[in-house]
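Residue-level structure breakdown
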Amino acid sequence: MNEIICGNCLDVMKTITSKSVDLVVTSPPYAEQRKNFYSSISESEYPDWTVKWMEECIPILKPSGSVAIIIRPHISKGQISDYILKTRLAVRAKGWFECEELIWIKPNSPPLGSTKRPRRSWESILWFSRTSDPYCDPKANGVPSDRIGMESKKGVGEYKSGVSVAKSGIARCRDYVEVGTSGVDRDSENTHPAQFPQKLAEWIIRLLSPENGLIVDPFVGSGTTTMACVDTGRDYIGIDISSEYCDYARKRLENAKSREIHNF
(Lines give C-alpha, C1' and ligand atoms only; values in the text may rest on other atoms or scores of the structure.)
Protein backbone atom coordinates (compact mmCIF):
# COMPACT_ATOMS: atom_id res chain seq x y z
CA MET A 1 0.00 0.00 0.00
CA ASN A 2 1.11 3.56 -0.80
CA GLU A 3 3.82 2.55 -3.22
CA ILE A 4 4.65 2.54 -6.92
CA ILE A 5 5.24 -0.96 -8.30
CA CYS A 6 7.06 -1.51 -11.58
CA GLY A 7 5.65 -4.45 -13.51
CA ASN A 8 2.85 -5.77 -15.68
CA CYS A 9 -0.48 -4.94 -14.04
CA LEU A 10 -1.79 -8.42 -14.93
CA ASP A 11 0.83 -9.86 -12.59
CA VAL A 12 0.94 -7.15 -9.93
CA MET A 13 -2.82 -7.02 -9.34
CA LYS A 14 -2.72 -10.73 -8.45
CA THR A 15 -0.68 -9.78 -5.38
CA ILE A 16 -3.17 -7.22 -4.03
CA THR A 17 -5.33 -8.26 -1.09
CA SER A 18 -8.74 -9.60 -2.08
CA LYS A 19 -11.69 -7.21 -1.78
CA SER A 20 -9.49 -4.35 -0.53
CA VAL A 21 -9.77 -1.80 -3.35
CA ASP A 22 -12.45 0.87 -3.50
CA LEU A 23 -11.65 2.28 -6.94
CA VAL A 24 -9.49 1.57 -9.95
CA VAL A 25 -8.97 4.82 -11.86
CA THR A 26 -6.72 5.05 -14.89
CA SER A 27 -6.11 6.26 -18.40
CA PRO A 28 -4.81 3.19 -20.23
CA PRO A 29 -2.64 3.46 -23.35
CA TYR A 30 -4.78 4.52 -26.29
CA ALA A 31 -4.66 2.14 -29.25
CA GLU A 32 -1.40 2.86 -31.10
CA GLN A 33 -1.82 6.62 -30.68
CA ARG A 34 1.48 7.05 -28.82
CA LYS A 35 3.34 3.91 -29.84
CA ASN A 36 6.54 5.94 -30.33
CA PHE A 37 6.57 6.73 -26.61
CA TYR A 38 5.50 3.45 -24.97
CA SER A 39 4.18 -0.02 -25.79
CA SER A 40 0.74 0.05 -27.35
CA ILE A 41 -2.17 -2.20 -28.21
CA SER A 42 -3.73 -2.48 -31.67
CA GLU A 43 -7.34 -1.48 -32.19
CA SER A 44 -8.32 -5.06 -33.05
CA GLU A 45 -6.78 -6.39 -29.81
CA TYR A 46 -7.95 -3.56 -27.56
CA PRO A 47 -11.33 -5.00 -26.44
CA ASP A 48 -9.86 -8.37 -25.40
CA TRP A 49 -6.87 -6.67 -23.78
CA THR A 50 -9.15 -4.41 -21.71
CA VAL A 51 -11.34 -7.33 -20.66
CA LYS A 52 -8.20 -9.17 -19.57
CA TRP A 53 -6.83 -6.45 -17.27
CA MET A 54 -10.28 -5.68 -15.91
CA GLU A 55 -10.73 -9.33 -14.99
CA GLU A 56 -7.77 -8.88 -12.65
CA CYS A 57 -9.70 -6.05 -10.97
CA ILE A 58 -12.61 -8.30 -10.01
CA PRO A 59 -10.95 -10.19 -7.10
CA ILE A 60 -9.42 -7.07 -5.56
CA LEU A 61 -12.44 -4.75 -5.76
CA LYS A 62 -14.76 -4.37 -2.81
CA PRO A 63 -18.37 -5.38 -3.61
CA SER A 64 -19.25 -1.68 -4.02
CA GLY A 65 -16.06 -0.83 -5.94
CA SER A 66 -15.72 0.76 -9.37
CA VAL A 67 -13.40 1.16 -12.33
CA ALA A 68 -13.11 4.58 -14.01
CA ILE A 69 -11.38 4.78 -17.39
CA ILE A 70 -10.41 8.10 -18.98
CA ILE A 71 -10.37 7.67 -22.75
CA ARG A 72 -11.65 8.92 -26.10
CA PRO A 73 -11.37 7.37 -29.58
CA HIS A 74 -9.58 9.17 -32.38
CA ILE A 75 -10.83 9.99 -35.86
CA SER A 76 -9.66 7.50 -38.48
CA LYS A 77 -10.32 7.99 -42.19
CA GLY A 78 -13.03 10.55 -41.53
CA GLN A 79 -14.98 8.72 -38.83
CA ILE A 80 -14.71 7.87 -35.15
CA SER A 81 -12.64 4.76 -34.57
CA ASP A 82 -14.88 2.01 -33.17
CA TYR A 83 -12.42 0.25 -30.87
CA ILE A 84 -13.72 2.03 -27.74
CA LEU A 85 -17.32 1.17 -28.65
CA LYS A 86 -16.33 -2.47 -29.13
CA THR A 87 -14.40 -2.37 -25.86
CA ARG A 88 -17.39 -1.07 -23.89
CA LEU A 89 -19.60 -3.80 -25.29
CA ALA A 90 -16.97 -6.47 -24.61
CA VAL A 91 -16.60 -5.35 -21.00
CA ARG A 92 -20.36 -5.36 -20.47
CA ALA A 93 -20.58 -8.85 -21.99
CA LYS A 94 -18.24 -10.02 -19.21
CA GLY A 95 -20.69 -9.05 -16.49
CA TRP A 96 -19.69 -5.46 -15.78
CA PHE A 97 -22.36 -2.79 -15.28
CA GLU A 98 -21.61 0.38 -17.23
CA CYS A 99 -22.95 2.74 -14.60
CA GLU A 100 -22.49 6.03 -16.42
CA GLU A 101 -20.47 7.91 -18.98
CA LEU A 102 -19.05 10.98 -17.29
CA ILE A 103 -17.38 13.76 -19.27
CA TRP A 104 -14.14 15.67 -18.76
CA ILE A 105 -14.43 19.06 -20.47
CA LYS A 106 -11.17 20.84 -21.32
CA PRO A 107 -11.97 24.57 -21.48
CA ASN A 108 -8.45 25.50 -22.59
CA SER A 109 -7.74 22.51 -24.82
CA PRO A 110 -4.98 22.89 -27.41
CA PRO A 111 -6.05 22.97 -31.09
CA LEU A 112 -5.77 19.23 -31.69
CA GLY A 113 -7.48 17.12 -34.33
CA SER A 114 -8.39 17.90 -37.92
CA THR A 115 -8.77 21.55 -38.86
CA LYS A 116 -11.91 20.48 -40.76
CA ARG A 117 -13.62 19.48 -37.48
CA PRO A 118 -14.35 21.33 -34.23
CA ARG A 119 -11.49 21.37 -31.74
CA ARG A 120 -11.47 18.20 -29.61
CA SER A 121 -12.23 19.52 -26.11
CA TRP A 122 -13.54 16.63 -24.04
CA GLU A 123 -12.92 13.02 -23.07
CA SER A 124 -15.06 10.28 -21.57
CA ILE A 125 -14.75 8.86 -18.08
CA LEU A 126 -16.26 5.39 -18.44
CA TRP A 127 -17.60 4.15 -15.10
CA PHE A 128 -17.92 0.38 -14.60
CA SER A 129 -18.75 -1.78 -11.59
CA ARG A 130 -19.64 -5.37 -10.81
CA THR A 131 -22.79 -4.11 -9.10
CA SER A 132 -25.63 -1.91 -10.28
CA ASP A 133 -25.37 0.05 -7.02
CA PRO A 134 -21.69 0.99 -6.54
CA TYR A 135 -20.35 3.49 -4.05
CA CYS A 136 -20.89 7.07 -5.19
CA ASP A 137 -20.96 10.37 -3.32
CA PRO A 138 -22.39 12.95 -5.76
CA LYS A 139 -22.21 15.67 -3.10
CA ALA A 140 -18.46 15.22 -2.62
CA ASN A 141 -17.96 17.48 -5.65
CA GLY A 142 -21.20 19.38 -5.13
CA VAL A 143 -21.77 23.10 -4.69
CA PRO A 144 -24.03 25.12 -2.36
CA SER A 145 -27.60 25.50 -3.61
CA ASP A 146 -30.88 26.90 -2.32
CA ARG A 147 -32.90 24.31 -4.27
CA ILE A 148 -32.11 21.22 -2.18
CA GLY A 149 -34.65 18.72 -0.87
CA MET A 150 -37.46 19.56 -3.26
CA GLU A 151 -40.58 18.15 -1.64
CA SER A 152 -43.89 17.62 -3.43
CA LYS A 153 -47.05 15.58 -3.05
CA LYS A 154 -45.36 12.87 -5.10
CA GLY A 155 -42.46 12.54 -2.63
CA VAL A 156 -39.06 13.88 -1.71
CA GLY A 157 -36.74 14.57 -4.60
CA GLU A 158 -39.45 15.33 -7.15
CA TYR A 159 -40.07 18.85 -8.30
CA LYS A 160 -43.41 20.29 -9.28
CA SER A 161 -43.82 24.03 -9.73
CA GLY A 162 -46.09 25.61 -7.13
CA VAL A 163 -45.99 22.59 -4.82
CA SER A 164 -42.30 22.06 -4.04
CA VAL A 165 -40.41 23.51 -1.08
CA ALA A 166 -36.76 24.41 -1.60
CA LYS A 167 -34.09 24.14 1.08
CA SER A 168 -30.46 25.17 1.25
CA GLY A 169 -27.62 22.66 1.17
CA ILE A 170 -25.05 20.98 -1.08
CA ALA A 171 -26.30 19.94 -4.52
CA ARG A 172 -25.14 16.83 -6.34
CA CYS A 173 -22.37 17.44 -8.85
CA ARG A 174 -23.18 17.35 -12.54
CA ASP A 175 -22.13 14.45 -14.75
CA TYR A 176 -19.25 16.45 -16.20
CA VAL A 177 -16.22 18.25 -14.83
CA GLU A 178 -14.35 21.19 -16.34
CA VAL A 179 -10.60 20.95 -15.74
CA GLY A 180 -8.03 22.75 -17.83
CA THR A 181 -5.20 20.82 -19.45
CA SER A 182 -2.69 23.31 -18.07
CA GLY A 183 -2.95 21.65 -14.65
CA VAL A 184 -0.35 18.95 -15.34
CA ASP A 185 3.15 18.41 -14.01
CA ARG A 186 5.52 20.58 -16.05
CA ASP A 187 8.80 19.33 -14.60
CA SER A 188 11.43 18.94 -17.32
CA GLU A 189 12.12 15.40 -16.11
CA ASN A 190 8.53 14.32 -16.71
CA THR A 191 8.65 12.78 -20.19
CA HIS A 192 5.19 11.22 -20.15
CA PRO A 193 3.33 12.40 -23.29
CA ALA A 194 -0.23 11.85 -22.07
CA GLN A 195 -0.70 13.34 -18.63
CA PHE A 196 -4.10 14.26 -17.27
CA PRO A 197 -4.54 17.03 -14.67
CA GLN A 198 -4.40 16.08 -10.99
CA LYS A 199 -7.65 17.95 -10.33
CA LEU A 200 -9.43 15.58 -12.74
CA ALA A 201 -8.20 12.55 -10.81
CA GLU A 202 -9.21 14.22 -7.53
CA TRP A 203 -12.75 14.81 -8.83
CA ILE A 204 -13.14 11.14 -9.83
CA ILE A 205 -11.64 9.89 -6.57
CA ARG A 206 -13.91 12.02 -4.39
CA LEU A 207 -16.95 10.95 -6.40
CA LEU A 208 -16.35 7.19 -6.51
CA SER A 209 -14.44 6.33 -3.33
CA PRO A 210 -14.90 6.93 0.41
CA GLU A 211 -12.45 8.91 2.51
CA ASN A 212 -9.45 6.76 3.50
CA GLY A 213 -10.29 4.38 0.64
CA LEU A 214 -7.73 2.44 -1.42
CA ILE A 215 -7.19 3.46 -5.05
CA VAL A 216 -5.31 1.48 -7.72
CA ASP A 217 -4.01 2.84 -11.02
CA PRO A 218 -2.70 -0.04 -13.18
CA PHE A 219 -1.22 2.37 -15.77
CA VAL A 220 0.02 5.05 -13.40
CA GLY A 221 2.52 6.69 -15.75
CA SER A 222 4.18 9.64 -14.04
CA GLY A 223 2.03 9.26 -10.93
CA THR A 224 -0.76 11.81 -11.22
CA THR A 225 -3.37 9.48 -9.70
CA THR A 226 -1.18 8.76 -6.69
CA MET A 227 -0.58 12.47 -6.15
CA ALA A 228 -4.35 12.98 -6.21
CA CYS A 229 -4.74 10.22 -3.62
CA VAL A 230 -2.30 11.96 -1.29
CA ASP A 231 -4.16 15.26 -1.59
CA THR A 232 -7.60 13.66 -1.07
CA GLY A 233 -6.61 11.45 1.87
CA ARG A 234 -6.74 8.09 0.08
CA ASP A 235 -4.28 5.20 0.04
CA TYR A 236 -2.90 4.10 -3.30
CA ILE A 237 -1.11 1.48 -5.33
CA GLY A 238 0.38 2.69 -8.61
CA ILE A 239 1.51 0.19 -11.25
CA ASP A 240 3.39 0.77 -14.48
CA ILE A 241 5.47 -1.38 -16.78
CA SER A 242 7.94 1.47 -17.44
CA SER A 243 10.74 1.77 -14.88
CA GLU A 244 11.40 5.33 -16.08
CA TYR A 245 7.86 6.46 -15.30
CA CYS A 246 7.83 4.58 -11.98
CA ASP A 247 11.06 6.27 -10.90
CA TYR A 248 9.65 9.68 -11.70
CA ALA A 249 6.33 8.94 -9.98
CA ARG A 250 8.23 7.98 -6.82
CA LYS A 251 10.21 11.21 -7.06
CA ARG A 252 7.00 13.27 -7.27
CA LEU A 253 5.64 11.56 -4.17
CA GLU A 254 8.88 12.07 -2.24
CA ASN A 255 8.90 15.75 -3.19
CA ALA A 256 5.31 16.07 -2.00
CA LYS A 257 6.20 14.49 1.34
CA SER A 258 9.16 16.82 1.70
CA ARG A 259 6.94 19.85 1.10
CA GLU A 260 4.48 18.60 3.73
CA ILE A 261 7.24 18.21 6.31
CA HIS A 262 8.64 21.65 5.45
CA ASN A 263 5.21 23.30 5.71
CA PHE A 264 4.53 21.56 9.02
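Residues numbered from 1 in each chain as written. Predicted model: local features only at pLDDT ≥ 70, side-chain atom pairs only at ≥ 80, totals over all residues. Heavy atoms only, no water.

**A few points about helix α6 (residues 224-232)**
Summarising burial for α6: seven of the nine residues are buried, a large majority. Among all positions in α6, only T224, T225, T226, M227, A228, C229 and T232 are buried. G233 sits one or two positions beyond α6 and adopts a positive phi of about 75°. (Buried < 20%, exposed > 50% of the residue type's maximum accessible area, 1.4 Å probe, protein only. Helix = DSSP H or I, 4+ residues; strand = E, 2+ residues; numbered from the N terminus.)

**Overview of unusual backbone geometry**
The backbone of N2 sits at a positive phi, close to 60°, despite the residue not being glycine. Looking at where N2 falls in the secondary structure, it is placed in the segment before β1 (3-6). Even without being glycine, K77 reaches a positive phi, approximately 55°. Relative to the helices and strands, K77 resides in the loop between β4 (75-76) and β5 (79-80).

**Things to note about the sheet that holds strand β11 (residues 176-178)**
If you walk across this open sheet you meet the eight strands as β1-β13-β12-β2-β3-β7-β6-β11, and the pairing is mixed. Strands with a single pairing partner mark the edges of an open sheet, and in this sheet they are β1 and β11. The average undirected angle you get between the axes of adjacent strands in this sheet is 20°. Here four bridges tie β1 to strand β13 (residues 235-240), and the two strands are oriented parallel to one another. (Pairing = 2+ DSSP bridges. Axes fitted to C-alpha atoms, helices over the stretch in contact; angles between N-to-C directions.)

**A short note on the side chain of T131**
Relative to the elements of secondary structure, T131 occurs in the loop between β7 (122-129) and β8 (143-152). A distance of 3.1 Å separates the side chain of T131 from the backbone nitrogen of D133, its partner in a polar contact. When sequence neighbours within four positions are dropped, the list of residues in contact with T131 reads P63, S64, F97 and C99. (Polar contact = N/O pair within 3.5 Å; in protein donor to acceptor, adjacent residues only side chain to side chain. Contact = heavy atoms within 4.5 Å.)

**Observations concerning the nonpolar core**
Membership of the largest hydrophobic core comes to 32 residues, with the highest contact counts inside it found for W53 and V67. Ranked by residue count, the leading element in this core is helix α2 (residues 46-55), at five residues. With near-sequence residues (within four places) excluded, V67 lies in contact with L23, V24, W53, M54, C57, L61, W96, L126, W127 and F128. Ranked by size, the runner-up nonpolar core spans 29 residues in total, among them I70, L102, L208 and A228. (Core = buried A, V, L, I, M, F, W, Y, C linked by side-chain atoms within 4.5 Å.)

**Focus on the pairing of strand β2 (residues 21-26)**
The element β2 is largely enclosed, with a buried count of six among its six residues. With five bridges joining them, β2 and strand β3 (residues 61-71) adopt parallel strand pairing. Bridging from a neighbouring strand, L23 pairs with S66 of β3. Note that β2 and strand β12 (residues 214-217) share two bridges and pair parallel. The partner of L23 across the bridge, within β12, is I215.

**Here we look at the packing of aromatic side chains**
For any pair of aromatic rings, geometry is given as the distance between the ring centres together with the angle between the planes. Enumeration according to the criterion identifies four aromatic pairs in this entry. Residues W49 and F219 carry aromatic rings whose centres are separated by 5.4 Å and whose planes lie at 45° to one another, so their mutual orientation is tilted. In this pair, W49 is assigned in helix α2 and F219 in the loop between β12 and α6, connecting sequence segments 170 residues apart. Neither residue differs from the other here; W49 and F219 are each classed as buried. The interplanar angle of 80° and the centroid separation of 5.3 Å between the aromatic rings of W53 and F219 together place this pair among those described as edge-to-face. Here W53, found in helix α2, pairs with F219, found in the loop between β12 and α6; they are 166 residues apart in sequence, far enough to count as distant. Judged on exposure class, the residue W53 and its partner F219 are both buried. Note that R72 overlies the ring of W122, its terminal NZ or CZ placed 3.9 Å from the centroid. Geometry around W104 places K106 over its ring, the cationic atom sitting 4.6 Å from the centre. (Phe/Tyr/Trp six-rings, centres within 6.5 Å; stacked < 30°, edge-to-face > 60°. Lys NZ or Arg CZ within 6 Å of the ring centre and 35° of its normal.)

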